[in-house]
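The residues making up each chain are set out below.
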There are 2 protein chains.
Amino acid sequence: MSRQPQYTIKDIAQALGVSASTVSRALSDHPHISDETKIRVRELVQKHDYRHNALASSLRNSKSNTIGLILPRLSQYFPSTVATAIQNKLHGYGYNLMICQSNDSPEMERELVNALYASRVAGLIVSTTLYTNDFSAFDIFAKSNIPLVFYDRVPQNYPAHVVLGDDYAGGYAATLHLLQQGCRRIALLSGPLTCRIYQDRYNGYLAALKEYAVPFDQSLVYSHELTKENALKSSEAILSGTALPDAVFACNDTAAIAVVKTAKQHQLRIPEDLLVAGYSNDPRAEIITPSITSVEQFPYEMGEKATMLMMDLLQNKITQQGRYISLNTPVKLIARESSRRAGVGAVAESGEDMDSSAQ
Amino acid sequence: MSRQPQYTIKDIAQALGVSASTVSRALSDHPHISDETKIRVRELVQKHDYRHNALASSLRNSKSNTIGLILPRLSQYFPSTVATAIQNKLHGYGYNLMICQSNDSPEMERELVNALYASRVAGLIVSTTLYTNDFSAFDIFAKSNIPLVFYDRVPQNYPAHVVLGDDYAGGYAATLHLLQQGCRRIALLSGPLTCRIYQDRYNGYLAALKEYAVPFDQSLVYSHELTKENALKSSEAILSGTALPDAVFACNDTAAIAVVKTAKQHQLRIPEDLLVAGYSNDPRAEIITPSITSVEQFPYEMGEKATMLMMDLLQNKITQQGRYISLNTPVKLIARESSRRAGVGAVAESGEDMDSSAQ
DNA sequence: ACACTATATGCAATCGTTTGCAGGAGTCTT
DNA sequence: AAGACTCCTGCAAACGATTGCATATAGTGT
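What counts and what doesn't
Residues numbered from 1 in each chain as written. Chains lettered and ligands numbered in written order. Predicted model: local features only at pLDDT ≥ 70, side-chain atom pairs only at ≥ 80, totals over all residues. Heavy atoms only, no water. Disulfide = S-S within 2.5 Å. Buried < 20%, exposed > 50% of the residue type's maximum accessible area, 1.4 Å probe, protein only. Near = heavy atom within 4 Å. Polar contact = N/O pair within 3.5 Å; in protein donor to acceptor, adjacent residues only side chain to side chain. Helix = DSSP H or I, 4+ residues; strand = E, 2+ residues; numbered from the N terminus. Nonpolar A, V, L, I, M, F, W, Y, C, P; charged D, E, K, R; others polar. Pairing = 2+ DSSP bridges. Axes fitted to C-alpha atoms, helices over the stretch in contact; angles between N-to-C directions. Contact = heavy atoms within 4.5 Å.

1. Concerning the state of the cysteines
- In this structure the tally under the stated criterion is 0 disulfides over all chains.
- Take Cys100 of chain B: it sits in no disulfide, and the sulfur closest to it among the cysteines is that of Cys100 of chain A, at 11 Å.
- You can see Cys183 of chain B has no disulfide; the closest cysteine sulfur is in Cys251 of chain B, sitting 16 Å from it.
- On the basis of relative accessible area, Cys183 of chain B is assigned to the buried category, the value being 0%.

The structure is reproduced here in structure tokens:
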């Protein structure tokens, strides 16, 4: 439809009695073009509302100024904040961002990868689905020498640049904190262990237990996608048994909230009967009663870091010869009502400082 | 950088001893191409991992298959849900979505409009910033005959297709509900009245008051951007005076949460001393204690509706000759603890049905 | 007057895909 | 056997911007 005739560089050239090359160069402020010509060109651009055609330009240069972003979903605090950071930062470099959601479906993800390649994005930033185990769709980016950066949910056994939160430190800090409050039966509500971030948090959990010489109890570990529904089901299982845990460490805040809700239904008081900690420091963790202890991931910083890495790769500051960068962003435990036991330890009021960079 | 030589249609043509036209037509399953040729082409496409170049294609057809979306920010329930709906729906039609955040800055918004035009999106969907009053940046879309759809925050005095929630009905329903609970001094925490959605909610509020013959009291109305900080300040002002209101209707849930928080600090019990209602039915409204009554806007449906309108425009099903479409999506009041007064009226447990379509 | 340089511009090809038109080969009709 | 028709395929010109190379003009130095 439409096929509106466009006002192009050629039209300007014709009107001015110069060639298209001259106009093109005038617009890009080429030094070989006289000031007078530049001014005349700019005037006409103004007058006729000439618009640059990025398609033509990208085609000719085989290079666009759009970066692709694929993530599972952005309707939550962490992912949407990362996306915002990336877009804002990229904008400063003159790049546009094309945000696409995979809805946690590997098929959708694959389609998006192909679609973004088809529009020849200059680079691609990805947080994979929970279930992506075939990363071959991304091969084309390496093959075409187009920068590819993963963050948060990064591939395993697939060579790539990655930006990660310090999930091990986060899992360790949260568990340690619960142990310090006197808990010894700490249930773990983990995401799928096929995913590296959950593995790391799990390992942090194990390490903290070991440090306190608390024997590991497999029956306290639940692992599945941390949706509200799943988490409610597991919480029910955890809290309706006979041998109740004295704390639950949930690997995201949606799950932690589910635990709190379930605990209320079971007449369990938090933190008197049960301590709870979550992950991501979702704004919801703060407003709920009781407020929930959580691990801050600094998503904005994470997005900025991923963007910086992307820019470095685009500007070839980093050799791409088989060397893959792995960046870490710190985490910080924010202790709140859900884990504060009166008289136990000294927990800062506004959040206990457990910056993982100190590790 | 890179300038990797690409594997193109010409390469396939050469390898097969046919012309590029034939390959192009084979790939688009043109009826004039023999099955044998099509098969041979597809085999080679597979073998060499040929990738369609959407840039070249779009340039040639002066038409891309990307739709632009500009919104103030997506780090909240309502906007991110709308965006998700739009992307999912568009995907079904073979279109990609380019999501861009204006951060509520008119300058940024303008830049994004231009950038999206530069990449010749096939259509543009917009929820404007709170402060956009100059819509001339959008002129180019009308002039180029590129479909433009606004939703939620739509322009005033600018001819365009719009998709709106029934904000009048929402404001009316929430206020009426508070009145039915016996409240007579209902404070209003409104967004800027330069924005149509807030005007409409305000008018709904006024209409309900009038119906109950409650005199309008200007001193109960606060109007400003509904950020957490602003809302806390206004809540403080509202609740620290001597003539307290008996209810607050906040025009988003962030503000409603601020009211609840401030009320707690003032030792006011909700709903015994103060009733509270919000807007948007953010998930936070449900998990907070007390849970907050709110107006559900059905953002997913709204996104789908905006997408359908866009598709109709793209397919020219709708004449664009100066006739502008305006679609409404219904709203529904969800009554919760924050507004349930024991023994007053009959309020459904899981949400009072006040579907605005019944209006 | 000549060679040389600096400055400003134009020519034409290129990026990869699409499509109107033309045309060749084969089949069918009368 | 000539015309008409069908079925495939190719030619070449777009789409709009960019850029290496060639060139024209003016200015400088000897």
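2. Thoughts on the protein's contact with DNA strand D
- In the vicinity of DNA strand D there are 26 residues, among which Ile9, Tyr50 and Arg60 of chain A together with Thr22 and Arg25 of chain B approach most closely.
- For DNA strand D, the backbone makes up 61% of the atoms found within 4 Å of the protein, where backbone means sugar plus phosphate.
- Separating a base oxygen of DNA strand D from a side-chain N or O atom of Ser21 of chain A is a distance of 3.3 Å.
- At a separation of 3.1 Å, a phosphate oxygen of DNA strand D approaches a polar backbone atom of Ser34 of chain B.
- Those elements that provide at least two residues to the surface near DNA strand D are helix 2 (20-27) and helix 4 (54-61) of chain A together with helix 2 (20-27) and helix 4 (54-61) of chain B.
- No other element matches the 4 residues that helix 4 of chain A contributes to the surface near DNA strand D.
- Looking at the surface near DNA strand D residue by residue, the class counts come to 6 nonpolar, 15 polar and 5 charged.

3. Observations concerning the sheet that holds strand 7 (residues 221-223) of chain A
Residues and elements named next belong to chain A.
- If you trace the 4 strands from one edge of the open sheet to the other, you get 7-6-8-9, paired in parallel fashion. Unpaired on one side and paired on the other, strand 7 and strand 9 (275-277) mark the two borders of the sheet. Adjacent strand axes in the sheet meet at a mean angle of 10°, parallel and antiparallel pairs treated alike.
- Direction of pairing for strand 8 (residues 247-250) relative to strand 9: parallel, over a ladder of 3 bridges. Opposite Phe249, over in strand 9, you have Ala277 as the bridge partner.
- Running over the sheet, helix 9 (residues 196-211) touches strand 6 (186-190), strand 7 and strand 8 and is turned about 170° from strand 6.
- Contacting strand 6 and strand 7, helix 10 (residues 228-240) runs over the sheet at an angle of about 160° to strand 6.

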